[in-house]
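# Structure at a glance
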Amino acid sequence: MIPYGKQWINDDDVAAVVHALRSDYVTTGPTVEEFEKQLAMYVGARHAIAVNSATSALHLAMRVAGIGAGDRVVTSSNTFLASANCAAFVGATPDFSDIDPVAHNLDAQILEEHWQSDTKAVVAVAYAGQSCDMPAIAVVARSRGAIVIEDACHGVGGGFLREGQVWKLGGHPWADMTVFSFHPVKAMTTGEGGVLITGDDGWAAEARRLRSHGVERKDFRGLGAPDDSDFAEQGSWYYEMHNLGYNYRLTEIQCALGLSQLRRLDAFVRRRREIVAQYNEAFADLPWLQIPALRNPVDRDLIAWHLYTVQIDFKAIGKPRAQIMTNLRAKGIGTQVLYIPVHLQPWYRQTYGYRLGKCPNAENYYRRALSLPLYPGLTDEDVDRVIDEVRSLC
């Protein structure tokens, strides 16, 4: 069976995890700090805060930015639920702006046309690994007092060209914070896990506190201690909680795997690009299938492709999508539909009254979308097999 996505674990990864298991630390320790340091250096950012999921990282981004009740957070509807749910977690209103018809990411012009005065943050999703037009989105948001959070869960290892310079996702100046995911189907994995990237020292410090129950350990000199002298005593055990936080920590074991995977990230990304090029060439002549397009062709060799999502005219080939997926699965080819527009999920419809027609570009894209297998462990023979089966659909 060829799944639509899969991690690639080798003996070096296993050895790294075993070493962590045999060390003095299993949960938070020096390997977590080293992973954060290496990841920050890789993308060119000041701070990387490792957490147990990208969803947690998005939640922390909302918290440290002070987003809450009365605020609106705008994101794409062509994304996973967490890109919007993070706003609801803090009592803000999640809202959606439509996507462009090329890269299927937030469209800066549509965003500006439908801007509302209570919008305090934009979550710009790098769908399939291809970045939004981050400079244009930053102009729209920042000129109106809103922050930009780059949801690059699909894009770790990728970048784009702007002003004659290559910028890594997470390391450019047009996002205030960036979030990556290390779920097994992503470019690299820690099993489960994510990271919050930021250049803001205050936000980074607060995110570190919040990921571990809001606890601080330092020389408080009695600040906040009860008047009773017995409770004023301090020592190595002493800590204080000044904020309500969470248990969002990532373990030494996971970060050991992450460090090992990070060393091969560029190779993973190169292989993904090779597979995308093979698919593009093989499917270019099919009138009923549209290959992924590039918003900016100069970025061709910079994108860290997470998904290979084609658009198929199912009516033209006379078969519904469900039948196509079933037939391909029977032949050992796994596929997926990514994504159902978030604004049409029952909870969003019931809670905020969103309806069909709110994001027509995202809705039309969903009707035709099908994601084919894409992961670095695919052999050329696997890719040829996928190509042959897809071409035989009509």
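The shown structure was predicted, so the numbers you read here are calculated from the model rather than taken from an experiment. (Residues numbered from 1 in each chain as written. Predicted model: local features only at pLDDT ≥ 70, side-chain atom pairs only at ≥ 80, totals over all residues. Heavy atoms only, no water.)

### What about the pairing of strand β8 (residues 177-181)?
Burial analysis of β8 places 5 of its 5 residues in the buried class, which makes it a mostly covered element. Of the two faces of β8, the one holding M177, V179 and S181 and the one holding T178 and F180 are both buried throughout. When strand β5 (residues 147-151) meets β8, the two strands line up parallel, connected through 3 bridges. Across the sheet, I149 pairs through a bridge with M177, a residue of β8. Relative to strand β9 (residues 194-198), β8 runs antiparallel, the two being bridged by 5 bridges. The residue bridging T178 from the neighbouring strand is I197, located in β9. (Buried < 20%, exposed > 50% of the residue type's maximum accessible area, 1.4 Å probe, protein only. Helix = DSSP H or I, 4+ residues; strand = E, 2+ residues; numbered from the N terminus. Pairing = 2+ DSSP bridges.)

### Thoughts on unusual backbone geometry
Look at the link from L338 to Y339: it is a cis peptide, with omega at 10°. For Y339, the position within the fold is in the loop between α12 (321-330) and α13 (346-352). The backbone of H104 sits at a positive phi, close to 70°, despite the residue not being glycine. Its place among the elements puts H104 in the loop between β3 (93-97) and α5 (108-113). In the Ramachandran plot, H213 falls in the positive-phi region, its phi being about 70° despite a non-glycine side chain. Structurally, H213 can be placed in the loop between α7 (201-210) and β10 (215-216). Relative accessible area serves as the criterion here: at 36%, H213 is assigned to the partly exposed category.

### Examining the pairing of β3
Here β3 lies mainly inside the structure; 4 of its 5 residues are buried. As judged from the 5 bridges shared by strand β2 (residues 72-76) and β3, these two strands associate in the parallel manner. Bridging from a neighbouring strand, V73 pairs with P94 of β3. Handedness of the crossover is the feature at issue here: the chain leaves β2, passes through helix α4 (residues 82-89), returns alongside β3, and the resulting connection is right-handed. (Right-handed = clockwise from strand over helix to strand, strands pointing away.)

### Details of the environment of Y339
A residue is classified by how much of its surface remains accessible, and Y339, at 13% relative accessible area, is buried. Sequence-wise, Y339 and L81 are 258 residues apart; in three dimensions their C-alpha atoms are separated by 9.2 Å. If we ignore the near neighbours within four places in the chain, the residues touching Y339 are N78, T79, F80, Y127, H154 and Y366. Side-chain polar atoms of Y339 contact the side chain of H154, separated by 2.9 Å. (Contact = heavy atoms within 4.5 Å. Polar contact = N/O pair within 3.5 Å; in protein donor to acceptor, adjacent residues only side chain to side chain.)

### Things to note about helix α6 (residues 134-142)
Among the residues of α6, those classed as buried are M134, P135, I137, A138, V140 and A141. The elements touched by buried residues of α6 are α5, β4 (119-125), β5 and β6 (159-162).

### Thoughts on the sheet that holds β8
Reading across the sheet, the 7 strands line up as β1-β9-β8-β5-β4-β2-β3 and stay open at both edges, with mixed pairing between neighbours. Two strands bound the open sheet, and with one partner strand each, they are β1 (47-51) and β3. Between one strand axis and the next, the sheet turns through 25° on average, direction left out of account. Bridge count for β1 against β9 is 5 bridges, and the pairing is antiparallel. Counterpart to V51 in the pairing with β9 is G194. Across the sheet, α6 touches β4 and β5, and the angle it forms with β5 is around 150°. Against the sheet, α7 makes contact with β1, β5, β8 and β9, and its axis sits at roughly 20° relative to β1, the strand it touches most. (Axes fitted to C-alpha atoms, helices over the stretch in contact; angles between N-to-C directions.)

These figures capture arrangement, not role.
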